[in-house]
Amino acid sequence: MIVMHPGSVALAELRSIWSGAPVALAEHGWSAIDSAAAAVERIVASGRTVYGVNTGFGLLAQTRIADDRLLDLQRNLILSHSCGIGEALEARVTRLTMALKVIGLARGHSGISRGVVERLLALIEADALPVIPSQGSVGASGDLAPLAHLGAALIGFGEIALRGERLPAADALARLGLEPLVLGPKEGLALINGTQVSAAIALDALFAAERIFASALVSGAMSTDALKGTCAAFDPRIHAARGQPGQIAAAAVLDRLLQGSAILRSHDDCGRVQDPYSFRCQPQVMGACLDLMRSAARTLEIEANAATDNPLLFGDEALSGGNFHAEPVAFAADMLAVALCEIGSISERRTAVLVDPKMSGLPPFLVEDSGVNSGFMIAQVTAAALVSENKSLAFPASVDSIPTSAGQEDHVSMATHAAVKAGRVAGNAAGVVGIELLAAAQGIDFHRPLTSSPALEQVHSAIRSAVPFYASDRYLAEDIGWARRAALDGRLCRDVAEGLFA
């Protein structure tokens, strides 16, 4: 059980929620919710005009709404903004979005009632997840369209995936014995205003990137042994002389992974002093990627704990600002895409070296009887195709903007697009790293009876338990699919990832 303390939910706790851990809200969160809800009641009773409580929205903010139509205002806001299209968010992203929304509302600046937050937590517990389209947000004024679909499910519109079964929202609520909510003043606005969707998608990309990064360190170390490369470039003195923290950490992991390798020791006296950059410069490239990922992680951890709707309540004072503008999330997602692109890029280059007999000294395309057999020829082409696709996807979404809402919202972040794009880059990078894992395992097999290090022999055994040695041409897509999944779920690198990420 993750007990969420709004304002201080740690990245490790967010990772656990993403992985399916049950959640609850700390008591001080409930107190903050009740205090802010009471402030809204006092504002309505006073007759003051406050944006989002008793006014229209966006360009219609100057329109005063009569008290007897305030409930209609919130209902209409949810329905009119439910304009998303495209594939639905994955269940773990939707669940994380709901948890982030609870955290933001429980900061005590939104004015939403306890009942709405209780309903969000009840749906999480019941595995009743609103179906949220992934497209339709420009990442300013919050993730309006996708969050409106979340809000719509609470009031009985749209769809809910109940334990994986997609149902009309009203039917799913009825199965759970729940009535659709009736939203009070400001509650609809508090639900749809915020960066929770873009932040959740970006966190999903981050958590995938962590596993891919660690898998790439493993595949890079295996490739180094398959090449009979040198580990001199991983000497800690080199990296201490530069001082970049990610580089120091990456070099230490690579050096540790290769300790005890008989293959490595077998060529101590060879004349080779330098390997190609994709081998020799792994600490520099992967370390820079690690530093970017850590920076993105810190930004997203802060955003996950933020109050990002508008206006925000401070006592009985309602202040209109722009915390809904998701520029920090957009930058973080774009950094992740760049880092993942480079992780894949350097991995593909190592695979290209291994399949080239002039560079590696291994059989052409890592297969015996080449010519009759094509071996890993097209596997490397697939990796190259994925890398080139990622180069296009890595162009930053955050430098784009397009005016909306009749020019009122004239600069937007494109954070949701950036985050979705980062997830796609992650999937491609996992495919590239998976192909390298297979190629490196094949290369090590050609050095038998020599063995790699104890750590890498464990990885090799795990690969061979699912993917046999490539003795002659066979249907390779299933092997690549397994390796891609292994890079995505981190099954080959759990010990490596420990300590690299918060």
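As a reminder, the structure under discussion sits directly above these lines.
Remember, predicted model here, so these are calculated numbers, not experimental data.

(A) Highlighting the overall build of the chain. Along the chain, the regular secondary structure elements total 21 helices and nine strands. Rg of the C-alpha trace for the chain: 26 Å, near the compact-globule value of 23 Å for 502 residues, within the 12% margin. Counting every position in the chain, which comprises 502 residues, the buried fraction comes to 57%. Taking contacts inside the chain between residues at least 6 apart in sequence as the whole, the part at least 24 apart equals 78%. Here the chain displays about 19700 Å² of accessible surface, and carbon together with sulfur accounts for 55% of that area. Once the 39 positive and 52 negative side-chain charges of the chain are each reduced to a mean point, those two points are 3 Å apart.

(B) Structural context of the pattern of salt bridges. Within this structure, the stated rule accounts for 22 salt bridges. Among the ionic pairs, Glu210 bridges to Arg15, the shortest N-O distance being 2.9 Å. A residue pair is termed long-range when its members are at least 10 positions apart, and Glu210 in helix α9 (residues 196-226) and Arg15 in helix α1 (residues 11-18) qualify at 195 residues. Classification of Glu210 as buried rests on a relative accessible area of 6%. Where Asp356 meets Lys358, a salt bridge forms, and the shortest distance between an N and an O atom there is 3.1 Å. For Lys358, a relative accessible area of 74% puts it in the exposed group.

(C) Looking closely at the state of the cysteines. Enumeration according to the criterion identifies zero disulfides in this entry. Of all cysteine sulfurs, the one in Cys289 lies closest to Cys341, which takes part in no disulfide; the gap is 9.2 Å.

(D) Expanded view of the sheet that holds strand β6 (residues 159-162). Strand order in the open sheet formed by three strands is β4-β6-β7, with antiparallel pairing between adjacent strands. Each edge of the open sheet carries a strand with a single partner, namely β4 (128-130) and β7 (165-168). Across the sheet, the mean angle from the axis of one strand to that of its neighbour is 35°, orientation sign disregarded.

(E) Broad picture of a nonpolar patch on the surface. The grouping of Met377, Ile378 and Val381 at the surface amounts to a nonpolar patch, some 240 Å² of accessible area in total. Inspection of the secondary structure puts Ile378 in helix α17 (residues 377-393). On the basis of relative accessible area, Ile378 is assigned to the exposed category, the value being 51%.

(F) Summary view of α1. Every buried residue of α1 is accounted for by Leu11, Leu14, Arg15, Ile17 and Trp18. Viewed end-on, α1 has its buried residues packed into an arc of 160°, placing them on one side of the element. The secondary structure elements touched by the buried residues of α1 are β1 (2-4), β2 (23-25), α4 (91-105), α9 and α14 (282-304). Positive phi shows up at Gly20, right after α1, with a value of about 110°.

(G) Spotlight on the side chain of Arg119. Relative to the assigned elements, Arg119 resides in helix α5 (residues 114-125). Despite its burial, Arg119 remains without a salt bridge, the nearest opposite charge being carried by Glu118 at 7.9 Å.

(H) View of the nonpolar core. Counting residues in hydrophobic clusters, the biggest one holds 167 residues, and the most contacted among them are Met4, Leu14, Leu203, Phe213, Met222, Ile343 and Ile463. Broken down by element, this core gets its largest block of residues, 20 residues, from α9.

(I) Representation of the packing of helix α15 (residues 327-355) against helix α18 (residues 415-445) within the structure. One way to put it is that α15 packs onto α18 with a least axis distance of 8 Å and a crossing angle of 20°. One element, α15, and the other, α18, form an angle in the roughly parallel class. Along this stretch, α15 crosses α18, giving a crossing that reads as left-handed. For the contact of α15 with α18, the per-class residue count stands at 21 nonpolar, three polar and five charged.

(J) Representation of unusual backbone geometry in the model. Backbone torsion omega between Asn310 and Pro311 reads -5°, so that peptide bond is classified as cis. Relative to the elements of secondary structure, Pro311 occurs in the loop between α14 and β8 (312-314). That bond from Arg448 to Pro449 is cis: its omega, 15°, falls within 30 degrees of zero. A positive phi angle, near 60°, is found at Ser141, a position not held by glycine. Despite not being glycine, Asp369 shows a phi value in the positive range, around 55°. Relative to the helices and strands, Asp369 is located in the loop between α16 (357-360) and α17.

The rules behind these values
Residues numbered from 1 in each chain as written. Predicted model: local features only at pLDDT ≥ 70, side-chain atom pairs only at ≥ 80, totals over all residues. Heavy atoms only, no water. Helix = DSSP H or I, 4+ residues; strand = E, 2+ residues; numbered from the N terminus. Rg over C-alpha atoms; globule rule 2.2 N^0.38 Å. Buried < 20%, exposed > 50% of the residue type's maximum accessible area, 1.4 Å probe, protein only. Contact = heavy atoms within 4.5 Å. Areas by Shrake-Rupley, 256 points an atom, 1.4 Å probe, with all protein chains shown as cover. Lys, Arg positive; Asp, Glu negative; His and termini not counted. Charge placed at Lys NZ, Arg CZ, Asp CG, Glu CD. Salt bridge = Lys/Arg side-chain N within 4 Å of Asp/Glu carboxyl O. Disulfide = S-S within 2.5 Å. Pairing = 2+ DSSP bridges. Axes fitted to C-alpha atoms, helices over the stretch in contact; angles between N-to-C directions. Patch = residues over 30% accessible without salt bridge, like charges linked within 9 Å, V, L, I, M, F, W, Y side chains within 5 Å. Arc of directions from axis to C-beta. Core = buried A, V, L, I, M, F, W, Y, C linked by side-chain atoms within 4.5 Å. Parallel < 35°, antiparallel > 145°, perpendicular 65-115°, else oblique. Left-handed = near helix turned anticlockwise from the far one by under 90°. Nonpolar A, V, L, I, M, F, W, Y, C, P; charged D, E, K, R; others polar.

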